Amino acid sequence: KEAKLWGGRFEEGVTDAVERFTESISFDKALYKQDIKGSRAHASMLANQGLMSLSDRDSIIEGLDQIEKKIERGEFVWRTDREDVHMNIEATLTDLIGEPAKKLHTARSRNDQVSTDFRLWCRDSIDAIVSHVKQLQVALVRLAKKNIGVIVPGYTHLHKAEPVLLQNHLLAYVEQLELDARRLLDCRARLNFCPLGACALAGTGLPIDRFMTSDALGFSAPMRNSMDAVSDRDFVLELLSGNAIMALHLSWLGEEWGLWASEESGFSMEVVCGKSARLVGDLVTLQVLCKGLPLTYNRDLQEDKEPVFDSVETIIGMLKMSADSALNITYNLDKIQKALSSGHLDPSSLVDRDSVLEGLDQIEKQVERGEFVWIQNQEHAKNLQTARSQNGQVSTDFHIWCFEAIDIIVSHIKHLQVSLVRLAKKNTGVIVPGYTHLQ
Ligand code: ARG
């Protein structure tokens, strides 16, 4: 059995029970691709800066290629005594190529490594989710086209209020999904900065080139602050929030299909509704995990992976299932007809069929080309203004209130930032211990 990197202060090796309890390899092996990619970039940078010989770099890269293939063929042996994905890959590289492998740890710690790997993983996941969102949007527009002219009761306060074209209903979801995707893309832009070079928490005196690794990995730039780089999981919280919001929308859609779809075609959506609860739970898990953690890296953070893996896998499953349902669902026209003839429906809001179909064709093309714009054009907005109900009014009022609230909060944030910089200036040169693992 190998000595642990951190085992030095224990008299005897850790017991098997502790090892099993503290390992993360059983789940963080999902980061292997990103870990290997990061190591290739790091080795190339070290060689470029004269911190590693070219031949060491070549054998490292060759070794990593072999390891990647082995993992993909399912032949790699993941060892619990090697704790996590970083140590499993690095130790196996040492088994394979010997001494040169150890130089890969120059100017790098697992603290900046895991943050890099996880950012890359989240970035890939966002791209996958967004492409599934697009497929669902197209499926919903097609469903609207297939049911052109179908009128359903529109509900408010859980009461049938106005008859609406089914497409009006379905396009509401297309709209929501557009914002859901954009929310994740905003998160993608914010997380796309490279932590490498932060090392354990305080950077390094070695002449590394952080821009080179950042470019090689497709990041926008290196992160500015080393302590922030290794400690914050705000990007994960954002991704989980985005997924949780999207899950709520899909749950609404599922409820709706439960109402109107023929029995045999709507049933899988019930499970979509149920799964949305998990996505909210995943977000809360991470919020609680991060609450109360002091700077910088703390081992608690290894618990950040499973909720995210679950959230991403589940939301993709929900999107696929919803798109599949949209393509196959049939509406129960009898049930809809019966519902229309009871209650207090006011038929003043219907529009003509041909112009609707033309509009749907356009929307389908826009979504497919990625040109669908969620900001409605002026004309559309004007039409909506001709009439007003308290429902639209409160939503408008609330939007405006939120705009103002955001401006106020942002100005307070700026004030706090300035105060912190002034505090730093007042204490220039003061050195404090930097903490990691509460040490
Ligand atoms: N596996 C850990 C995680 O998932 C990374 C290791 C961090 N560094 C350390 N010295 N334990 O966060």
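Everything that follows concerns the structure shown earlier in this document.
Bear in mind that the values here come from a model prediction, so they are computed numbers and not experimental data.

A.B. asks: Tell me about the overall build of the chain, residues and numbers included.
C.D. replies: The helix and strand inventory of the chain stands at 17 helices and four strands. Within the span of the chain, comprising 439 residues, buried residues form 32% of the whole. For the chain, long-range pairs separated by at least 24 residues make up 82% of all intrachain contacts whose partners lie at least 6 apart in sequence.

A.B. asks: How would you explain helix H7 (residues 166-191) if you had to name every residue and give the values?
C.D. replies: Between its first and last C-alpha, H7 extends 38 Å over 26 residues, near the 38 Å set by a 1.5 Å rise per residue. Among all positions in H7, only Gln167, Leu170, Tyr173, Val174, Leu177, Asp180, Ala181, Leu184, Cys187, Arg188 and Leu191 are buried.

A.B. asks: Go over the site of the ligand, please, and point to the residues and values.
C.D. replies: If you check the shell around the ligand, you find Ser24, Asp28, Asp84, Arg110, Asn111, Val114, Arg299, Leu301 and Gln302 and nothing else. A per-element tally of the shell around the ligand places helix H6 (residues 110-146) first, with three residues. Residues of the shell around the ligand, tallied by class, amount to two nonpolar, three polar and four charged. When residues are assigned to domains, the shell around the ligand turns out to be shared by domain 1 (7-105) and domain 2 (110-375), each giving three or more.

A.B. asks: With reference to specific residues and values, describe unusual backbone geometry.
C.D. replies: A cis amide bond, omega 5°, links Leu295 with the succeeding residue Thr296. The phi dihedral of Glu83 is positive, around 60°, even though this residue is not glycine. Examined against the element boundaries, Glu83 turns out to sit in the loop between helix H4 (54-72) and helix H5 (85-97). Positive phi, close to 50°, is recorded for His437, a residue that is not glycine.

A.B. asks: Pulling in residues and values, what's your account of the environment of Ile329?
C.D. replies: Inspection of the secondary structure assignment puts Ile329 in the loop between helix H13 (305-328) and helix H14 (333-340). Considered as a pair, Ile329 and Ala261 are 68 residues apart in the sequence and their alpha carbons are 6.6 Å apart. Residues within four places of Ile329 in sequence aside, it is in contact with Leu143, Trp257, Ala261, Ser265 and Gly266.

A.B. asks: With reference to specific residues and values, describe the environment of Gly317.
C.D. replies: Take Gly317: it is sitting in helix H13. Assessed through the 14 C-beta atoms surrounding it within 10 Å, Gly317 is described here as partly exposed. Expressed as a C-alpha distance, the spacing of Gly317 and His415, which sit 98 residues apart in the sequence, is 43 Å.

Calculation notes
Residues numbered from 1 in each chain as written. Predicted model: local features only at pLDDT ≥ 70, side-chain atom pairs only at ≥ 80, totals over all residues. Helix = DSSP H or I, 4+ residues; strand = E, 2+ residues; numbered from the N terminus. Buried ≥ 20, exposed ≤ 12 C-beta atoms within 10 Å, placed from the backbone. Contact = placed C-beta atoms within 7 Å. Expected span 1.5 Å × (residues − 1). Near = placed C-beta within 6 Å. Nonpolar A, V, L, I, M, F, W, Y, C, P; charged D, E, K, R; others polar. Domains from an automatic or database assignment.

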